[in-house]
Amino acid sequence: MSNRTFTMVKPDAVANGYEGAILEKITAAGFRLVALKKTRLSPESAGAFYAVHRERPFYGELVEFMSSGPIIAAILEKDNAVADFRTLIGATDPAKADEGTIRKLYAESLGRNAVHGSDSDENARIEGDFFFSGLERF
Ligand code: DAT
Ligand code: MG
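Here the structure is a predicted model, which is why all the values come from computation and not from measurement.

Asks: I keep staring at the site of ligand 1 and nothing clicks. Help me out?
Replies: Near ligand 1, the surroundings consist of His-53, Phe-58, Leu-62, Thr-92, Leu-110, Gly-111, Asn-113, His-116 and Asp-119. Here the residues of the shell around ligand 1 sort into 3 nonpolar, 5 polar and 1 charged.

Asks: Please clarify how the sheet that holds strand β4 (residues 115–117) should be interpreted in this entry.
Replies: What holds strands together in a sheet is hydrogen bonding between their backbones, with the strands either parallel or antiparallel. One open sheet holds the 4 strands; their spatial order is β2-β3-β1-β4, and the pairing between them is antiparallel. Both edges of this open sheet fall to β2 (32–39) and β4, since each of them pairs with a single strand only. For this sheet the average axis-to-axis angle between neighbouring strands, irrespective of direction, equals 15°. Against the sheet, helix α5 (residues 81–89) contacts β1 (4–9), β3 (71–77) and β4, and its axis sits at roughly 30° relative to β1. Packed onto the sheet, helix α7 (residues 121–131) meets β1, β2 and β3 and runs at close to 55° relative to β1.

Asks: Honestly, α5 in this entry has me stumped. Any pointers?
Replies: Turning to α5, its buried residues number three or more, namely Ala-81, Val-82, Phe-85, Leu-88 and Ile-89. Within α5, the buried residues cover an arc of 125° as seen down the axis, which keeps them to one side. Where α5 is buried, its residues touch β1, β3, α6 (102–106), β4 and α7. Just beyond α5, the residue with positive phi is Gly-90, at close to 90°.

Asks: Help me understand the UniProt feature "active site" (unreviewed entry) in the protein chain, please; the structure alone is not making it clear to me.
Replies: The UniProt entry lists His-116 under the feature "active site" (unreviewed entry), expressed in the numbering used here. Mapped onto the fold, His-116 is located in strand β4. Discounting residues that sit within four places of it in the chain, His-116 has contacts with Thr-7, Met-8 and Lys-10.

Asks: Teacher, can you tell me more about the UniProt feature "binding site: ATP" (unreviewed entry) in the protein chain here?
Replies: In the numbering adopted here, UniProt assigns the feature "binding site: ATP" (unreviewed entry) to Lys-10, Phe-58, Arg-86, Thr-92, Arg-103 and Asn-113. Tracing the backbone shows Arg-103 in helix α6. A tally of 24 C-beta atoms within 10 Å means that Arg-103 is categorised as buried. If we ignore the near neighbours within four places in the chain, the residues touching Arg-103 are Ile-89, Gly-90, Ala-91, Pro-94, Ala-97, Asn-113, Ala-114 and Val-115.

Asks: Is there a simple way to think about the nonpolar core in this case?
Replies: When a protein is soluble and globular, its nonpolar side chains tend to lie buried together. Membership of the largest hydrophobic core comes to 31 residues, with the highest contact counts inside it found for Ile-22 and Val-115. Those elements giving two or more residues to this core turn out to be β1, α2 (19–28), α3 (43–49), α4 (59–66), β3, α5, α6 and α7. With near-sequence residues (within four places) excluded, Ile-22 lies in contact with Val-9, Ala-13, Ile-102, Tyr-106 and Val-115.

Reading the values: rules and limits
- Residues numbered from 1 in each chain as written.
- Chains lettered and ligands numbered in written order.
- Predicted model: local features only at pLDDT ≥ 70, side-chain atom pairs only at ≥ 80, totals over all residues.
- Near = placed C-beta within 6 Å.
- Nonpolar A, V, L, I, M, F, W, Y, C, P; charged D, E, K, R; others polar.
- Pairing = 2+ DSSP bridges.
- Helix = DSSP H or I, 4+ residues; strand = E, 2+ residues; numbered from the N terminus.
- Axes fitted to C-alpha atoms, helices over the stretch in contact; angles between N-to-C directions.
- Contact = placed C-beta atoms within 7 Å.
- Buried ≥ 20, exposed ≤ 12 C-beta atoms within 10 Å, placed from the backbone.
- Arc of directions from axis to C-beta.
- UniProt positions renumbered as here; feature names shortened; annotations may be inferred.
- Core = buried A, V, L, I, M, F, W, Y, C linked by C-beta atoms within 7 Å.

Here it is, written out as structure tokens:
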């Protein structure tokens, strides 16, 4: 089991002014920031990042949303990082997310759900590599 995961604060949460509150919740939960940047995805790069979902009916909406404004990307480190971070963010649909989770607190809707969290160690590595070079990790 790897001790790293990858996250994005999505365009809705950045636009709504929650980036600081979300990063505070992440570090307060014991995750160390290995790498961190504010950036913006082009439609092409958002489409590539979410290519696994390209046959899903919401893919076009997802790509449009994820390229609609700046995001925060980060690699996080903690024991059991992938599973513990999924617990911290809550269910994909904020209406179904547990009280106190980041999506419950800060997400707008199923499609605009404030944060991304990797779903496996392998995807955490692939997604971190998508955004960060080795020299950007500390
Ligand atoms: P998660 O982000 O919890 O890993 P996912 O990988 O199944 O969820 O989907 C990726 C993103 O796509 C999700 O964060 C929000 C969006 N999405 C998922 N299901 C959706 C749906 N039924 N309608 C609209 N957007 C959806
Ligand atoms: Mg996912």
